[in-house]
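For reference, the chains in residue letters:
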Amino acid sequence: MTPHHLSDDRLVEVSLFYGVSASEQRHLESCPECAARRVRLREMLDDMSASSEAAADAQFPASRLARQHARILAQLQHDGRPARIIAFPAGHAQEPLVSRTHPSRRWIAAAAAAGLVVGVLAGRLGYDHSLLRPTAGRVVATRAAEPVEIRAADGAPGLRAVSATISDEEFLSQLEFASDGLAAAALQPLDELTPLPWEVR
Amino acid sequence: MTRTPPGLVSPLDVGAASAAPLSRDSRLAAEIKALVAGGDRGAACERYGELVAHQQRRAVRIAYQYLRDAHDADEAVQDAFVKVFTHITSYREDLPFEVWFTRILVNACLDLRKARSRRLRWSAPLTPAHDAKPIDPVARDQSPEQRLVSQERAAEIAAALETLPGRQRTVFTLCHVAEQSTAEVSHALGVSEATVRVHLFRAVHRLRRLLERNA
């Protein structure tokens, strides 16, 4: 680049702030290269302005600006208005409570509530009393469980296991039945070696 | 002594701009000030509606260029207009309204940017410009290929502007989007005109380098 060409900085300066001097103007007229650089810079700046404006305008069409305008004015009118003062309901608690229900209806409601309480208490007491009295029903209630037969490995009939839910009497009778069975014979020598409870002191 | 509220420029700071003849909006602002001072708030609001309509397009362009988010720009512009009306009695009639308003708007944008950075610190990142429609800054009579090229160019320009440091970006936006002179920008930002020129010069250099590299 010859010393007569405009530097990049100078080109920016003349494009942004100052006009060109007479000598620079003469040079720009005679130098197509500098003139083209100046035009490119000018175009770039114009391009950026146009692009930025178009981007903003695309986001803010006329309808959006109108809504914004209305919001601004509404806010100004709202701000200018003095705040509404709502009277505090002072003394409201001191006012006597005036019931709007008839006295006879109130008696009916009270009697119904009392009856409900008595009924609940009586039911509760009856239930507790029944718990204190042993009944056959309670023992037999678990009878649904059937004994399960356990077979030995060689196919011989084994012990009949009992469910844990059967009664004491059934359990003892089942023990007796089992001790009489063939399977118990294998336990006889062991039984003979083992002292009985009443022999142990 | 009247105190200038935070976010507003003191009328004393913009004294040098008084040489220029007053614009239509400056006269309108002076009229609104007189109405508010006279207690006629309703009429002032009505006249202020006209002023808002005149300045609104320019305001959203500046705010959107600065914030790159339509919701934030909307909010900043609304805040600025409300603040201007609230403090209209501190406006000096012999000064350009546009400069005073621009200063308030830029401060509103700065406040929102700060708020946004605080908000983003605590929230999951969203996809950028989730509410943005594709930018189509070109004429509708262009061919699809031309439109595509223009859209790409617009995206490049937006990306290049995004890389500018804050002050350079503000100066560039005010000079080239708001079409303000360097003197007006210096008053609006409260810096010397020489500083504005330096920032603008650097911004253009940087943009030129970026865009020519991409071209």
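K.L.:
Sorry, what's going on with the overall build of chain B here?
P.N.:
A tally of regular secondary structure across chain B gives 8 helices and 0 strands. In sequence order, the secondary structure elements of chain B are arranged as α-α-α-α-α-α-α-α. The buried share of chain B, taken over its 215 residues, is 38%. In chain B, once contacts between residues fewer than 6 apart in sequence are set aside, the share between residues at least 24 apart is 67%.

K.L.:
Looking at this structure, how should I read the overall build of chain A?
P.N.:
Helices and strands together make up the secondary structure of chain A, namely 8 helices and 2 strands. Each helix and strand of chain A, placed in order from N terminus to C terminus, yields the pattern α-α-α-α-α-α-β-β-α-α. Counting all 201 residues of chain A, 8% fall into the buried class. Looking at chain A alone, contacts between residues at least 24 apart form 39% of all its contacts between residues at least 6 apart.

K.L.:
Is there a simple way to think about the nonpolar core in this case?
P.N.:
It is characteristic of soluble globular proteins that their nonpolar side chains tend to be buried jointly. Residue and element names in this part refer to chain B. Ala 63, Ala 76, Val 77, Ala 80, Leu 105 and Cys 109 are the most contacted members of the largest nonpolar core, which has 63 residues in total. At 11 residues, the largest contribution of residues to this core is made by helix H2 (residues 41-67). Counting contributing residues, this core receives three or more from each of domain 1 (11-125) and domain 2 (135-215).

K.L.:
Help me out: how do you make sense of unusual backbone geometry in this one?
P.N.:
Unusually for a residue other than glycine, Arg68(B) sits at a positive phi of about 60°. Inspection of the secondary structure puts Arg68(B) in the loop between H2 and helix H3 (70-86).

K.L.:
Got a minute to help me understand the interface of chain A and chain B in this structure?
P.N.:
In this assembly, 30 residues from chain A lie in contact with 38 residues from chain B. Mapped onto the side of chain A that touches chain B, the elements with two or more residues apiece are helix H1 (8-16), helix H3 (32-59) and helix H4 (62-80) of chain A. With 15 residues, H3(A) is the largest single contributor of residues to the side of chain A that touches chain B. In terms of residue class, the side of chain A that touches chain B is made up of 17 nonpolar, 9 polar and 4 charged.

K.L.:
Mind showing me how you'd approach the environment of Leu164(B) here?
P.N.:
Locating Leu164(B) in the fold gives a position in the loop between helix H5 (144-162) and helix H6 (166-176). Contact partners of Leu164(B), with chain neighbours within four places excluded, come to Arg169(B), Phe172(B), Ala203(B) and Arg206(B).

K.L.:
Even after reading the chapter, I still don't get H3(A), so can you show me in this structure?
P.N.:
Given 3.6 residues per turn, any residue in an α-helix points the same way as the ones three and four places further on. For H3(A), built from 28 residues, the straight-helix expectation of 40 Å at 1.5 Å per residue is met to within 8% by its first-to-last C-alpha distance of 40 Å. Residues of H3(A) that are buried: Cys34(A), Met48(A), Ser49(A), Ser51(A), Ser52(A), Glu53(A), Ala55(A), Ala56(A) and Gln59(A).

K.L.:
Can you walk me through the confidence of the model for chain B in this structure?
P.N.:
Detailed reading of the predicted coordinates is not advisable wherever pLDDT is low. Residue and element names in this part refer to chain B. Summing up the model confidence of chain B, the mean pLDDT is 79 and the portion of residues at 70 or higher is 75%. Ranking the elements of chain B by mean pLDDT puts H5 last with 75 and H3 first with 94. For residues 128-139, every residue scores under 50 in pLDDT, and the model assigns this stretch 23 contacts once sequence neighbours within four places are set aside. Across the assembled chains, the prediction reports ipTM 0.71 with pTM 0.57.

K.L.:
Sorry if this is basic, but what is going on with the packing of H6(B) against helix H7 (residues 182-189) of chain B here?
P.N.:
In a pair of packed helices, the angle between the axes and the distance between the axes together describe the arrangement. All names here are of chain B. Two numbers describe how H6 lies on H7: the axes approach to 10 Å, and their chain directions differ by 130°. Taken as axis vectors, H6 and H7 run oblique relative to one another. Once H6 is placed against H7, the crossing between them reads as right-handed. Together, Thr 170, Val 171, Leu 174 and Cys 175 of H6 and Thr 182, Val 185, Ala 188 and Leu 189 of H7 make up the contact between the two elements. Considering only residue class, the contact of H6 with H7 consists of 6 nonpolar, 2 polar and no charged.

K.L.:
Help me understand the packing of H2(B) against H3(B), please; the structure alone is not making it clear to me.
P.N.:
Residue and element names in this part refer to chain B. Contact geometry for H2 and H3: axes closest at 9 Å, N-to-C directions at 140°. It follows from the interaxial angle that H2 and H3 lie oblique. Where H2 crosses over H3, the two elements pack in a sense that is right-handed. Contacts from Tyr 48, Val 52, Ala 59, Val 60, Ala 63, Tyr 64 and Leu 67 of H2 reach H3 at Ala 70, Asp 72, Ala 73, Ala 76, Val 77, Ala 80, Phe 81 and Phe 85. Of the residues contributing to the contact of H2 with H3, the split by class is 14 nonpolar, no polar and 1 charged.

K.L.:
What should I look at first to understand the confidence of the model for chain A in this one?
P.N.:
Confidence in the prediction of chain A, expressed as mean pLDDT, is 74, and 64% of residues score 70 or more. Note that residues 136-145 of chain A has pLDDT below 50 and, in this model, 7 contacts with residues that lie over four places away or in other chains.

K.L.:
Looking at this structure, I do not really get the environment of Gly166(B). What am I missing?
P.N.:
Residue and element names in this part refer to chain B. Topologically, Gly 166 is positioned in helix H6. Exposure remark for Gly 166: the 11 C-beta atoms within 10 Å place this residue in the exposed category. Residues Gly 166 and Tyr 66 lie 100 residues apart in sequence; the distance between their C-alpha atoms is 9.0 Å.

K.L.:
In this structure, what is going on with H6(B)? I would like to understand it.
P.N.:
With 8 of its 11 residues buried, H6(B) lies for the most part within the structure. All of the buried residues along H6(B) are Gln168(B), Thr170(B), Val171(B), Phe172(B), Thr173(B), Leu174(B), Cys175(B) and His176(B).

What counts, and where the lines are drawn
- Residues numbered from 1 in each chain as written.
- Chains lettered and ligands numbered in written order.
- Predicted model: local features only at pLDDT ≥ 70, side-chain atom pairs only at ≥ 80, totals over all residues.
- Helix = DSSP H or I, 4+ residues; strand = E, 2+ residues; numbered from the N terminus.
- Buried ≥ 20, exposed ≤ 12 C-beta atoms within 10 Å, placed from the backbone.
- Contact = placed C-beta atoms within 7 Å.
- Core = buried A, V, L, I, M, F, W, Y, C linked by C-beta atoms within 7 Å.
- Domains from an automatic or database assignment.
- Nonpolar A, V, L, I, M, F, W, Y, C, P; charged D, E, K, R; others polar.
- Expected span 1.5 Å × (residues − 1).
- pLDDT = per-residue confidence, 0-100.
- Axes fitted to C-alpha atoms, helices over the stretch in contact; angles between N-to-C directions.
- Parallel < 35°, antiparallel > 145°, perpendicular 65-115°, else oblique.
- Left-handed = near helix turned anticlockwise from the far one by under 90°.

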